[in-house]
Amino acid sequence: MDFTFTEEQQAAAEAARGVFAGVAPDGVPSPALATGAVADHFDRELWSRLADADLLSLLLTEEYGGAGLDAVALCLVLAESAKVLARVPLLESSAAAAAVQAHGTEELRSGLLARAGRGEIVLTVAASGRTGHDPAELAVTARQEGAEWILDGVQTAVPWAFDADHIVVPAHTASGQTVLALVAPAGEGVALAEQLSTTGERLGELRLESARIAARDVLDADGAWESLRHLLTVGTCAQALGLGRQVLRMTSEYTSKREQFGFPVATFQAVAVQAADRYIDLKAMEATLWQAAWRTGSGTQGALPVSGEVAVAKIWASEGVRRVVQTAQHLHGGFGADTDYPLHRYHAWAKHLELSLGPAAAHEEALGDLLAAHPLA
């Protein structure tokens with residue numbers, strides 16, 4: 001077996017490191033001190049640099065100005081973005097564009113994808129449902145009337161909703177089919193209310209009241225939502241991995257310099273053991289992420305459906321990133337809560353990632369159902 005990344009995947013990661021090299025994680029006010037959102041919009045300057053480096057079009061084919069790469073390449077870039085807490089809708093816009101490319105009409109693809117790859121328009125996805133716990137596709141109903149679809153319902157915690165040109169909204173029909181509708185936030189029957197995440201970023205509560213969506217802007221292919229959800233989940237796992245790596249690096253540097261009784265605290269057995277445990281967490285997060293990303297991008301068959309690999313990756317990412325930041329806070333002492341030091345920002349982002357697309361317990365339940373339906377020999 002060859003577990004090395006391809007030259008193209010490594011080139012994407014290298015380009016991402018170059019773009020993110022100058023990004024400061026404390027470029028906006030601390031969420032612990034801000035009374036509202038830490039900023040009104042995402043980092044547009046960084047977004048432009050990502051577009052110039054062709055990192056917004058990784059998953060698009062050459063026909064639409066992209067590199068034609070896979071989920072593994074995107075996850076490599078997302079891991080680099082999380083190291084600096086990059087405030088850009090890279091995951092959501094890339095995943096939404098991939099869904100349009102795979103399942104959209106030629107009219108929709110030609111009018112949207114090249115512009116999205118150049119960063120001229122921004123896409124996001126409503127993936128949290130009404131409460132953050134229920135399946136997102138059940139939060140909105142959809143019915144077709146002639147050349148239009150009518151949507152009604154509520155989606156909560158939509159990332160970057162106030163910056164997006166289109167929000168991809170999963171919805172269910174009376175027959176149980178799931179469709180994906182591209183909703184314009186300023187459209188008739190569409191309303192946004194501000195919400196705040198633990199990171200201090202603006203989220204949107206999306207309300208749809210008889211919102212009319214042209215049929216050309218609706219993806220009704222079987223499996224479209226499942227594929228999009230899987231890509232969003234492995235992308236979230238990649239962000240958790242990148243964040244965890246950076247936090248463990250910060251902890252290593254701090255404990256190597258901080259002295260007690262004349263010795264660096266990193267030399268104390270209790271400190272070293274805790275750090276080693278978190279390193280093991282990160283290695284498990286890494287292995288399960290790349291397995292899930294590879295299955296998601298390649299469509300390779302396995303003992304379980306790809307949703308099983310995705311569930312395992314999310315379990316490790318949710319639990320692992322939480323343990324990494326908690327141990328980091330413990331080993332930093334009170335310094336970890338200092339708002340002049342970036343660790344508390346990473347803690348807030350880790351909590352947001354842990355809860356994104358469902359906590360570990362929900363994926364453990366899903367994995368149990370899959371194992372019951374597909375018993376391993």
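First things first, this report covers the structure right here in the doc. (Residues numbered from 1 in each chain as written. Predicted model: local features only at pLDDT ≥ 70, side-chain atom pairs only at ≥ 80, totals over all residues. Heavy atoms only, no water.)

### So, the nonpolar core
Put simply, the rule reads: The definition of a nonpolar core used throughout is a set of buried Ala, Val, Leu, Ile, Met, Phe, Trp, Tyr and Cys residues joined through side-chain atoms within 4.5 Å. Accessibility here uses a 1.4 Å probe with only protein chains present; expressed as a share of the type maximum, an area under 20% marks a residue as buried, one over 50% as exposed, and anything in between as partly exposed. Only DSSP runs of H or I with at least four residues qualify as helices, and only runs of E with at least two residues qualify as strands; both kinds are numbered from the N terminus onward. Residue contacts are defined here by distance: any two heavy atoms, one from each residue, within 4.5 Å place the two residues in contact.
Counting residues in hydrophobic clusters, the biggest one holds 87 residues, and the most contacted among them are Phe20, Leu50, Leu228 and Leu243. Of the residues forming this core, the biggest block, 14 residues, is contributed by helix 6 (residues 224-257). Apart from residues lying up to four places away in sequence, Leu243 is in contact with Ala82, Leu85, Val321, Val325, Tyr346, Trp349, Ala350 and Leu353. If you look at the next biggest cluster of nonpolar residues, it comprises 21 residues, including Ala126, Trp149, Val169 and Leu208.

### Quick notes on helix 10 (residues 360-373)
To keep it simple, the criterion reads: In this analysis, the expected span of each helix is defined as 1.5 Å times one less than the number of residues it contains.
With 14 residues, helix 10 should reach 20 Å at 1.5 Å per residue; the first-to-last C-alpha distance of 20 Å fits that figure. Buried residues belonging to helix 10 abut helix 6 and helix 8 (306-332).

### Overview of the pairing of strand 2 (residues 140-145)
In plain terms, the rule: Any two strands between which DSSP finds at least two bridges are classified as paired.
Sheet topology note: the strand 2/strand 3 (residues 148-159) ladder contains six bridges and is antiparallel. Within strand 3, the residue paired with Gln144 across the bridge is Trp149. Remark: two residues form the turn of the hairpin made by strand 2 and strand 3, two consecutive strands paired antiparallel; Gly146 in that turn has positive phi of roughly 65°.

### Here we look at the packing of helix 6 against helix 8
Applied cut-off: Note on method: axes are straight lines fitted to C-alpha atoms, helices fitted across the in-contact stretch only, with angles between N-to-C directions ranging 0 to 180 degrees. In this scheme, roughly parallel covers angles under 35 degrees and roughly antiparallel covers those over 145, while 65 to 115 is roughly perpendicular and the rest are oblique. The hand of a helix crossing depends on one turn: near helix anticlockwise from the far one by less than a right angle means left-handed, and clockwise means right-handed. Note that Gly is not counted as nonpolar here; it falls among the polar residues with everything else outside the nonpolar set of Ala, Val, Leu, Ile, Met, Phe, Trp, Tyr, Cys and Pro and the charged set of Asp, Glu, Lys and Arg.
Where helix 6 meets helix 8, the closest approach of the two axes is 9 Å, and the angle between their N-to-C directions is 25°. By the angle between their directions, the pair helix 6 and helix 8 is classed as roughly parallel. Note on packing geometry: the crossing formed by helix 6 with helix 8 is left-handed. Of the residues belonging to the contact of helix 6 with helix 8, the class tally is 17 nonpolar, eight polar and one charged.

### So, the environment of Leu370
Inspection of the secondary structure puts Leu370 in helix 10. When the C-alpha positions of Leu370 and Ser307 are compared, they lie 8.3 Å apart, and in sequence the two are 63 residues distant. If near-sequence neighbours (up to four positions away) are discounted, Leu370 is found in contact with Leu304, Pro305, Ser307 and Gly308.

### Side note on the packing of aromatic side chains
What counts, and what does not: Only the six-membered ring of Trp is used, alongside the rings of Phe and Tyr, when aromatic pairs are assigned; centres must lie within 6.5 Å, and planes under 30 degrees apart are stacked while those over 60 apart are edge-to-face, with the rest tilted. To sit over a ring, a charge needs its Lys NZ or Arg CZ within 6 Å of the ring centre and within 35 degrees of the ring normal.
Applying the stated criterion to the full structure yields five aromatic pairs. Considering the side-chain rings of Phe5 and Trp290, the 5.1 Å spacing of their centres and the 75° angle between planes classify their relative orientation as edge-to-face. One end of the pair, Phe5, is in the segment before helix 1 (7-20); the other, Trp290, is in helix 7 (residues 269-298), and 285 residues separate them in sequence. Joined through ring pairs, the aromatic side chains of Phe42, Trp47 and Trp160 make up one cluster. Over the ring of Phe162 we find Arg202, and its NZ or CZ is 4.0 Å from the ring centre.

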